[in-house]
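Coordinate inspection notes
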Amino acid sequence: MQRWLKTSMTALGAAVAMGGLPIAVAASHSPGTTSSLPDLIELQSGNSTYRTDILRFSERQGWWVDGGDSLFSDLYFLNFGNDLAQRELRLEDFEFLSFSQPSADRFTADFFLLGANLNFSLTSSLQGFESGSFRAVRQETVTLLNSSSDPIDITLFKYLDLDLGGKFDNDSVLFADNVLTQFDPSGAIATLSVDQTPTAVAMDEYPILLQKFYNRNRTNLSPGNDSLSNTDVSVALQFDRSLVPGESISFNFVKQISRRSESKSVPEPTAFLAFGVVVAGLMLMRRS
Ligand SMILES: [Ca+2]
Ligand SMILES: [Ca+2]
């Protein structure tokens, strides 16, 4: 039921084509790495599966924990310099460099942009746990390297939409001390922690934030509410940074899905079965 962007993508493509973006001209692929990026990347570990299109919003991506699907969007955008007419870039605007998936639970994708003056590297890993634990952890590191001879002012955005408990319209979220916590009435709870302090954190009802990243205007989030309740929440973090020549910066994001502690007692086999039926019913309702 995350239904909005499909039709907007065509207009978006036209906007990109007309935008005159500073996209790099040529790529030289490193030996020993994959020469193309999969449309959909899948990670698996223990009780959890993560499926993602890292380039663009996709309804096919998700994060499954013990069979329950938390519709999941996790996207990055970048602004450069101070030209207000230049909208932010998406990963699909970058020049693809390499992709590797050394194991079922990890991948790395590398890009460059600005005429190869900036490298963007994304490493993503999944850690699942024992079946029935309703717990999984994803770690994601974004590294930016200024390989030019000039300073680069950069803004990194991380957009996040996680629909907990199989329903998208009943979540709440709060941000404090660089930790974002999301929860819903089912008892499902998710956290995102980051080792860098954001310039701004915005939270809003879907799809307001996503529209900001997919329209033609340059996005600049302003610090706003630090909580939002009982709706289809989505969140964006903004990091303003400046990189001198040769400088790199890394952002480490850790996302965890779990139940509240009072739900962690091992359920009776019959109760567990009933819970599974409820979850399956919710998924069917949402997708019908
Ligand atoms: Ca929910
Ligand atoms: Ca949501």
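Residues numbered from 1 in each chain as written. Chains lettered and ligands numbered in written order. Predicted model: local features only at pLDDT ≥ 70, side-chain atom pairs only at ≥ 80, totals over all residues.

1. Section: the overall build of the chain
- Counting its regular elements, the chain contains three helices and 17 strands.
- Partitioning the intrachain contacts of the chain with sequence separation of at least 6 by distance along the chain shows that 67% fall at a separation of at least 24. (Helix = DSSP H or I, 4+ residues; strand = E, 2+ residues; numbered from the N terminus. Contact = placed C-beta atoms within 7 Å.)

2. Observations regarding the confidence of the model for the chain
- Overall, the predicted model of the chain reaches an average pLDDT of 82, with 78% of residues at or above 70.
- Ranking the helices and strands of the chain by mean pLDDT puts strand E8 (residues 118-128) first, with 98, and helix H1 (residues 5-19) last, with 36.
- Scored below 50 in pLDDT, residues 1-32 makes 36 contacts in the model with residues more than four places away or belonging to other chains.
- Of the regions scoring below 50 in pLDDT, residues 261-288 engages in 13 contacts with residues more than four places distant in sequence or in other chains. (pLDDT = per-residue confidence, 0-100.)

3. Looking at unusual backbone geometry
- Look at the link from Tyr 206 to Pro 207: it is a cis peptide, with omega at 5 degrees.
- Structurally, Pro 207 is set in the loop between strand E14 (200-205) and helix H2 (208-214).
- Positive phi, normally seen in glycine, also occurs at Leu 114, with a value near 55 degrees.
- Residue placement: Leu 114 occurs in the loop between strand E7 (106-113) and E8.
- Residue Asp 177 is not a glycine yet carries a positive backbone phi of 55 degrees.
- A residue is classified by how many C-beta atoms lie within 10 Å of it, and Asp 177, with 6 of them, is exposed. (Buried ≥ 20, exposed ≤ 12 C-beta atoms within 10 Å, placed from the backbone.)

4. Examining the nonpolar core
- Ranked by size, the top nonpolar core spans 60 residues in total, and within it Phe 77, Phe 111, Leu 113, Phe 157, Tyr 159 and Val 235 carry the most contacts.
- When residues of this core are assigned to their parent elements, the largest contribution, seven residues, is made by strand E10 (residues 152-162). (Core = buried A, V, L, I, M, F, W, Y, C linked by C-beta atoms within 7 Å.)

5. As for the sheet that holds strand E9 (residues 136-146)
- Judged by pairing direction, the sheet is antiparallel, and its nine strands sit side by side in the order E6-E7-E8-E9-E17-E13-E12-E11-E15 without closing on themselves. The open sheet has two edge strands, strand E6 (95-103) and strand E15 (227-231), and neither has a second partner. The average undirected angle you get between the axes of adjacent strands in this sheet is 15 degrees.
- As paired elements, E6 and E7 share six bridges and run antiparallel to each other. The residue of E7 that forms the bridge with Ser 100 is Thr 108. (Pairing = 2+ DSSP bridges. Axes fitted to C-alpha atoms, helices over the stretch in contact; angles between N-to-C directions.)

6. Side note on the pairing of E7
- Of all eight residues making up E7, six are buried, and the element is well covered by its neighbours.
- The turn linking E6 back onto E7 is made up of two residues.
- Note: E7 against E8, eight bridges, orientation antiparallel. Considered in E8, the bridge of Phe 111 is made with Phe 120.
- Connecting the antiparallel pair E7 and E8 is a turn made up of four residues, with Leu 114 showing a positive phi of about 55 degrees.

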